[in-house]
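# Notes for the structure review
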Amino acid sequence: MGGRIARLFRNFNLENRVFRELSKEKPTAAPRHAVPAPPFPGSDVSESVRQKNEPLHELLRSVYVESTDPAATAEALKEAPEALQAERRPTRVHIPGHAYGLTNVPKGKLTIAEAVRALGSHQHQPQTWTPEKIAQEYFLDFKDTKAALEFFVPFKVEIIPPKTRTANQIKAS
């Protein structure tokens, strides 16, 4: 009931109120803020821009840029493949059927298979596979090897037997 009364007062004399609002003059826009005028051609600002700044000019003279041609460095690499071979090592672990077939990697880097094997062997036999031995085996930096062995651990699967024999167990299908 209260909604009907409210609607009655809201819609009372609606057309006259709308025409009154439309017939009013539109409000004028607010005045814009004054903007400083740009400097004249004869002002001192343009003169200071045109003048030479000696300290800055001396600093610019001390800058020396040396550039090399990237094509020349590519040719130098093509001419010296034995230098690149000296920085590479053969892979220790080969994944059968691997699509890319990596046979050698740069020294100081590992393939995924080598990293998993190194982490796993250290996890299972830490006395035999020490960080020093892994770093020497794969030509790695000792500090990086020690950090990798500390912070990266391969997954462990632990099967916890039930406490009682009568516990529900999943049967193999």
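As shown above, the structure is provided for reference.
Residues numbered from 1 in each chain as written. Predicted model: local features only at pLDDT ≥ 70, side-chain atom pairs only at ≥ 80, totals over all residues. Heavy atoms only, no water.

## Digging into the overall build of the protein
When you go through the protein residue by residue, the secondary structure sums to 9 helices and 2 strands. From first element to last, N terminus to C terminus, the protein shows the α and β order α-α-α-α-α-α-β-β-α-α-α. For the protein, buried positions account for 12% of its 173 residues. Restricting the contact set of the protein to residue pairs at least 6 apart, pairs at least 24 apart contribute 33%. In the form shown here, the protein has an accessible surface area of approximately 16,300 Å², with 60% of it arising from carbon and sulfur atoms. (Helix = DSSP H or I, 4+ residues; strand = E, 2+ residues; numbered from the N terminus. Buried < 20%, exposed > 50% of the residue type's maximum accessible area, 1.4 Å probe, protein only. Contact = heavy atoms within 4.5 Å. Areas by Shrake-Rupley, 256 points an atom, 1.4 Å probe, with all protein chains shown as cover.)

## Here we look at unusual backbone geometry
For N13, which is not a glycine, the phi torsion comes out positive at approximately 55°. Position of N13 among the secondary structure elements: in the loop between α1 (2-11) and α2 (14-23). For N13, a relative accessible area of 34% corresponds to the partly exposed category. Unlike most non-glycine residues, F139 shows phi in positive territory, near 55°.

## Some remarks on the packing of aromatic side chains
Inspection of the entire model under this criterion finds 0 aromatic pairs. Its end group placed over the ring of W129, K133 keeps NZ or CZ at 4.5 Å from the ring centre. (Phe/Tyr/Trp six-rings, centres within 6.5 Å; stacked < 30°, edge-to-face > 60°. Lys NZ or Arg CZ within 6 Å of the ring centre and 35° of its normal.)

## Some details on the nonpolar core
Grouped together as the largest cluster of nonpolar side chains are 6 residues: A118, L119, W129, I134, Y138 and L149. Sorting the residues of this core by element identifies α7 (112-124) and α8 (131-138) as the ones contributing at least two each. (Core = buried A, V, L, I, M, F, W, Y, C linked by side-chain atoms within 4.5 Å.)

## As for the side chain of E114
Note that E114 resides in helix α7. There is a polar contact of 3.2 Å between the side chain of E114 and the backbone nitrogen of T111. (Polar contact = N/O pair within 3.5 Å; in protein donor to acceptor, adjacent residues only side chain to side chain.)

## A few points about the packing of α8 against helix α9 (residues 142-151)
Each pair of packed helices can be summarised by the angle the axes make with each other and by the distance between the axes. Where α8 contacts α9, the axes come no closer than 9 Å and their chain directions differ by 120°. Relative to α9, the element α8 lies oblique. As α8 runs across α9, the sense of the crossing is right-handed. Contacts between α8 and α9 involve P131, E132, I134 and A135 from the former and F142, T145, K146 and L149 from the latter. Residue classes in the contact of α8 with α9 are distributed as 5 nonpolar, 1 polar and 2 charged. (Axes fitted to C-alpha atoms, helices over the stretch in contact; angles between N-to-C directions. Parallel < 35°, antiparallel > 145°, perpendicular 65-115°, else oblique. Left-handed = near helix turned anticlockwise from the far one by under 90°. Nonpolar A, V, L, I, M, F, W, Y, C, P; charged D, E, K, R; others polar.)

## Some thoughts on the environment of S23
Mapped onto the secondary structure, S23 falls in helix α2. Judged by its relative accessible area of 56%, S23 falls in the exposed class. One polar contact links the side chain of S23 to the main-chain carbonyl oxygen of R20, over a distance of 3.0 Å.

## A look at the pattern of salt bridges
Applying the stated criterion across every chain yields a total of 3 salt bridges. The closest approach of N and O atoms between K52 and E54, which form a salt bridge, is 3.8 Å. Residue E54 is classed as partly exposed on the basis of its relative accessible area of 41%. Two residues, R61 and E58, come together in a salt bridge whose shortest N-O distance is 3.1 Å. Taken together, the residues span about one helical turn, with R61 and E58 both in helix α4 (residues 54-61) at a distance of 3 residues. Among the residues examined, R61 registers a relative accessible area of 55% and is labelled exposed. (Salt bridge = Lys/Arg side-chain N within 4 Å of Asp/Glu carboxyl O.)

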